[in-house]
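# Observations on the three-dimensional arrangement
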Amino acid sequence: MNYGPSEASYNLLSDKFKSMKRGGVDCSTVICPQCFYQFDMGQVMASRKTPLGFNMPVLFYLQLLGLAMGYNLEEVQYTMHRIKDKNFEDKIRGRL
């Protein structure tokens, strides 16, 4: 099958998220801005083309570190992300 660059990247993104979902992860963590864009906004864009069915939050490493140090989701600017997940938010807030 011959895919264009967009379809190939959506398929690769889908494969990565399927693996993460099988592994039972709550979120993905990245260190570079381009990776963040690919995983956060990429989920939104890819779901328009293919039915991914993922809603996996993506955090910068420093956001995850801040949460581990006791900062809340608002303080680490999680509210600015495109992809959010209620179950993840509840775990971080200690509701589960």
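Once a new chain begins, its residue numbering starts again from 1 and follows that chain's sequence as written. Given that the model is predicted, a residue must reach a pLDDT of at least 70 before its local features are reported, and side-chain atom pairs must reach 80 or more before they are shown or counted; all residues, however, enter totals for whole chains, interfaces and linings. Calculation of side-chain values draws on the structure's entire complement of heavy atoms; hydrogens and water are dropped beforehand.

Time to look at the layout of surface pockets. Taken as a whole, the largest pocket spans an internal volume of roughly 200 Å³. Cavity and pocket criteria rest on a 1 Å grid covering protein atoms alone: a 1.4 Å probe that fits but cannot get out defines a cavity, protein on both sides within 12 Å along at least 5 of 7 lines defines an open pocket, and an atom within 4 Å of a point defines a lining residue. In terms of lining, the largest pocket is formed by Met 20, Lys 21, Gly 24, Val 25, Asp 26, Gly 53, Phe 54, Asn 55, Met 56, Pro 57, Asp 85 and Asn 87. Here the residues of the lining of the largest pocket sort into five nonpolar, four polar and three charged. Grid points are joined across faces, edges and corners, and a volume is the space filled by probe spheres set on the points. When residues are sorted by character, Ala, Val, Leu, Ile, Met, Phe, Trp, Tyr, Cys and Pro go into the nonpolar class, Asp, Glu, Lys and Arg into the charged class, and all the rest, Gly among them, into the polar class.

Next up on the list: a nonpolar patch on the surface. For patches, a residue must show more than 30% relative accessible area and have no salt bridge; joins then use 9 Å for like charges and 5 Å for nonpolar side chains, namely Val, Leu, Ile, Met, Phe, Trp and Tyr. Accessible surface is estimated by sampling points in the Shrake-Rupley manner with a 1.4 Å probe; for residues, cover comes only from the protein chains shown. One speaks of a salt bridge when a side-chain nitrogen belonging to Lys or Arg is within 4 Å of a carboxyl oxygen belonging to Asp or Glu. A cluster of nonpolar side chains, namely Ile 31, Tyr 61, Leu 62, Leu 65, Met 69 and Tyr 71, defines an oily patch on the protein surface of about 710 Å² accessible area. Strands are runs of DSSP state E lasting at least 2 residues, helices are runs of H or I lasting at least 4, and numbering of each runs from the N terminus. Counting through the fold element by element, Leu 65 comes out in helix H3 (residues 61–68).

A separate point is the nonpolar core. Across soluble globular proteins, nonpolar side chains show a tendency to be buried alongside one another. Joining through side-chain atoms within 4.5 Å is the link that ties buried Ala, Val, Leu, Ile, Met, Phe, Trp, Tyr and Cys residues into a set, and such a set is a nonpolar core. For each residue, the accessible area found with a 1.4 Å probe, counting protein chains only, is set against the maximum for its type, and the residue is called buried under 20%, exposed over 50%, and partly exposed in between. Within the largest apolar cluster, 11 residues are counted, these being Tyr 10, Leu 13, Phe 17, Met 20, Val 30, Phe 36, Phe 39, Ala 46, Phe 54, Met 56 and Val 58. Contributing elements (two or more residues each) for this core: helix H1 (5–22) and helix H2 (33–49). Tallying contributions element by element places H1 first for this core, with four residues. Setting aside residues up to four positions removed in sequence, Val 30 forms contacts with Cys 35, Phe 36, Phe 39, Val 58, Leu 59, Phe 60 and Tyr 61. Counting residues in each nonpolar core, the second largest holds seven residues, with Leu 59, Leu 67, Val 76 and Tyr 78 among its members. It only takes one pair of heavy atoms within 4.5 Å for two residues to be counted as in contact.

Here a Phe, Tyr or Trp ring, Trp counted by its six-membered ring, pairs with any other such ring whose centre lies within 6.5 Å, and the pair is stacked when the planes are under 30 degrees apart, edge-to-face when over 60, and tilted otherwise. Evaluated as defined, the whole model comprises three aromatic pairs. Look at Phe 17 and Phe 39: their rings are 5.5 Å apart centre to centre, the planes differ by 65°, and that puts the pair in the edge-to-face class. Of the two residues, Phe 17 is situated in helix H1 and Phe 39 in helix H2; the sequence distance between them amounts to 22 residues. Both residues of the pair, Phe 17 and Phe 39, belong to the buried class. Both rings, one in Phe 36 and one in Phe 60, keep their centres 4.7 Å apart while their planes meet at 20°; by these two values the pair is stacked. Separated by 24 residues along the polypeptide, Phe 36 in helix H2 and Phe 60 in strand E2 (residues 58–60) bring together distant segments of the chain. On the basis of relative accessible area, Phe 36 is assigned to the buried category, the value being 14%.

The values are spatial; any link to function lies outside them.
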